Amino acid sequence: MTTENAAATAAAADPAPLLIRGGRPYGEQVQDLLLAGGRIEAVGADLEAPEGAEVIDADGCIVLPGLVDLHTHLREPGGEEAETVESGTRAAARGGFTAVHAMANTTPVADTAGVVEQVARRGDSAGWCSVRPVGAVTVGLAGERLAELDAMANSRAKVRVFSDDGKCVHDPVLMRRALEYVKSFDGVIAQHAQDPRLTEGAQMHEGVVSAELGLTGWPAVAEESIIARDVLLAQHVGSRLHVCHLSTAGSVDIIRWAKQRGIAVTAEVTPHHLLLTDENVRQFDAVFKVNPPLRTATDVEAVREGLADGTIDIVATDHAPHPRDAKDREWDQAAMGMTGLETALSLVQLTMVDEGRLSWRDVARVLSETPAEIGRDEDQGQPLEPGSPAHVLVWDPRPVRVADPAEHASLSRNSPFAGLELPGTNRLTVLGGRPTVREGQVVTR
Ligand SMILES: [Zn+2]
C-alpha cells in the first residue's frame, strides 16, 4: 500500500452513520435515507436514527444519487494556475458531483498509462470526488497516430473514455481505427466534433450576429458534418461513439436519426448551451467565448427538446477554467471556455425542471446514471436503494441566489453566469458515506 493510499484509507475510516430525514428521493414521495458503512443501508418512511448517527433535516429537498460529470477539465498536470485536481474536485463537490471524468488535454497530455495513473492518484488523495481520467485518442492530441489505448485501459486508472477533446479526431482512418480498438475493452470514443478547416480563425457562431459584428463565423456544419461521418463510422465498425457538447439543431437531428437506426451513439449538451445564445457575444465580454460557440435561440430550443425527449443522453459541464489573463483580453485573443461545475445543476433546474421539461427522476438519469454508464463506472450513478454506494446529493430547489463566481471553489472565475439569479442550493454532498459539502461549503478537515 502506498503512503497516499494508507492516508486515504485512514481518512475514510468509519464516518458516522447519516440519516437524511424527510427529503424526496428523485423528487418523488418523502423517504428517509440511512447511510452507514459507506453504503445506503435503508430507505423508507420514518427510519430510526441508530446510535451516534447524524440526522440531516432534508424537509423540502430533493435527494439524488451523486452527480457524475463526463467532461471536466481539471488542468493538472501543467495548468495549475487555472485549476488543480484538488481545487477542481472541490468545485465538483460544491456542484453536487461525486465523480468527474478528467479530460486529457493537460501538459503533458494524458496519453500514457503513467499520466492517467498520476491523475487518478491525485484524485484519490484529494478525496473530494472520484476522478476518472479520460485518455487521449492520439499521441499528444496531434491527430497523427493512436495513443497507447490498451495500456491506459489496462492501467490502474482503468480508462474507458478516450477523447482528444479540445481537438477533433479529424482523420477518418484514425477515427475508424480508434473505434475498432476500444471495442475489445468496451471503451468509448468521445469526439469533439469540429472540422478544423471549416473553423479556421473562427471567433463565434456563423450567422446574423457574426455578420453584424464582423467576426469570423463558425458554421453549424463544421460540427454537424463530423457527427454525421462519425455515427456512420460507429455503425460500420459496430463500436460506441459519444459526441461531446452538441450545440446545434442539426446535430440533434443527426443523433435522432442515428438512434432510430440503432447506432450505438450517445450525446451530451452543456448547461451553457441550454441557456446562452450568440446574442450574448454582442457584449464582447470574453467570458462568453467558448468552443463550440454559443449558438442561436433556435439551437437552444432544439437542444432543450433533444434533452427532454432522450435524443441527448446527458448533461456534461465542459468545465474549462482559465486564469484571468487568458480571458481579460480582446475577444479575438481570449481563450475559449467557461467554468461550469458549480452552476450546472442550477442551470438544469432553471432551463429544464422549472420549465416542466425534465422531472427530478430525469435529472438523476442525465446527470448521474447515464454518464456513469457511458464511462463504465459501476460505483457511481447507482439507484438510491439499500446496498448502493453512499454517493448522495441533497438539493434544495427553493432558494434563488445571485450567482457570484467569487464564492466558487474553482481557482478560476470565468463563469458566464455571474450576476444571474439561479435557483437551488446544495445542502449536502456525500461521497462514500462521508460529507464533502455542507450548506454549500466544502467541509474542512
Ligand atoms: Zn471540446
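Residues numbered from 1 in each chain as written. Predicted model: local features only at pLDDT ≥ 70, side-chain atom pairs only at ≥ 80, totals over all residues. Heavy atoms only, no water.

Asker: Before we move on, can you summarise the pairing of strand β17 (residues 392–402) with the specific residues and values?
Answerer: Where strand β6 (residues 62–65) and β17 come together, 4 bridges link them in antiparallel fashion. Across the sheet, the residue bridging to L64 is L393, located in β17. Relative to strand β18 (residues 421–431), β17 is paired through 8 bridges, and the arrangement is antiparallel. Residue pairing for β18: V400 is matched across the bridge by P423. (Pairing = 2+ DSSP bridges. Helix = DSSP H or I, 4+ residues; strand = E, 2+ residues; numbered from the N terminus.)

Asker: Please provide a residue-by-residue account of unusual backbone geometry, values included.
Answerer: The omega torsion across T107 and P108 is 0°, close enough to zero to call that bond cis. Tracing the backbone through its elements, the reader meets P108 in the loop between β8 (97–102) and α3 (113–126). For the peptide bond that leads from N291 to P292, omega is -5°, which places it in the cis range. For P292, the position within the fold is in the loop between β15 (265–269) and α9 (297–308). Phi angles above zero are rare outside glycine, and L141 is one such case at about 55°.

Asker: Summarise the sheet that holds strand β20 (residues 441–442); cite the residues concerned and give the values.
Answerer: Pairing between sheet strands relies on hydrogen bonds along the backbone, with the strands arranged either parallel or antiparallel. Spatially, the 6 strands line up as an open sheet ordered β2-β6-β17-β18-β19-β20, and their pairing is mixed. Across the chains shown, the open sheet's two edge strands, defined by having one partner strand only, are β2 (24–25) and β20. Across the sheet, helix α11 (residues 344–353) touches β6, β17 and β18, and the angle it forms with β18 is around 130°. (Contact = heavy atoms within 4.5 Å. Axes fitted to C-alpha atoms, helices over the stretch in contact; angles between N-to-C directions.)

Asker: Lay out the pattern of salt bridges with the relevant residues and their values.
Answerer: Under the counting rule described, the total for this entry stands at 23 salt bridges. In this structure, the salt-bridge partner of E54 is R438, at a minimum N-O distance of 2.7 Å. Of this pair, E54 sits in strand β5 (residues 54–57) while R438 is found in strand β19 (residues 434–438), placing the two residues 384 residues apart along the sequence. Residue classification places R438 among the partly exposed residues on the basis of a relative accessible area of 32%. One salt bridge in this structure joins R94 and E342, with 2.6 Å as the shortest N-O distance. A residue pair is termed long-range when its members are at least 10 positions apart, and R94 in helix α2 (residues 85–94) and E342 in the loop between α10 (324–327) and α11 qualify at 248 residues. Both residues of the pair, R94 and E342, count as buried. Here the salt bridges share partners, and the residues they tie into one network are D186, R240 and R376. (Salt bridge = Lys/Arg side-chain N within 4 Å of Asp/Glu carboxyl O. Buried < 20%, exposed > 50% of the residue type's maximum accessible area, 1.4 Å probe, protein only.)

Asker: Lay out the nonpolar core with the relevant residues and their values.
Answerer: Core analysis: the biggest nonpolar cluster contains 92 residues, and I20, L35, F162, L307, L345, L367 and V392 have the highest contact counts within it. Ranked by the residues each element gives to this core, the list is headed by helix α7 (residues 220–237), at 6 residues. Those residues in contact with F162 that lie beyond four places of it in its chain are V134, G135, A136, V137, L149, M152, A153, V182, F185, V188, I189 and A190. Counting residues in hydrophobic clusters, the runner-up holds 15 residues, among them V287, V290, F417 and L422. (Core = buried A, V, L, I, M, F, W, Y, C linked by side-chain atoms within 4.5 Å.)

Asker: Explain the sheet that holds strand β9 (residues 130–133) residue by residue, including any values.
Answerer: Ordered by their spatial adjacency, 3 strands build an open sheet running β7-β8-β9, and the pairing between neighbours is parallel. Where the open sheet ends on each side, the last strands, each with one partner, are β7 (67–72) and β9. Each strand axis lies, on average, 20° off the axis of its neighbour in the sheet, ignoring direction. The sheet contacts of α2 involve β8 and β9, and relative to β8 the element is tilted by about 135°. Docked against the sheet, helix α12 (residues 360–374) engages β7 and β8, running at close to 55° with respect to β7.

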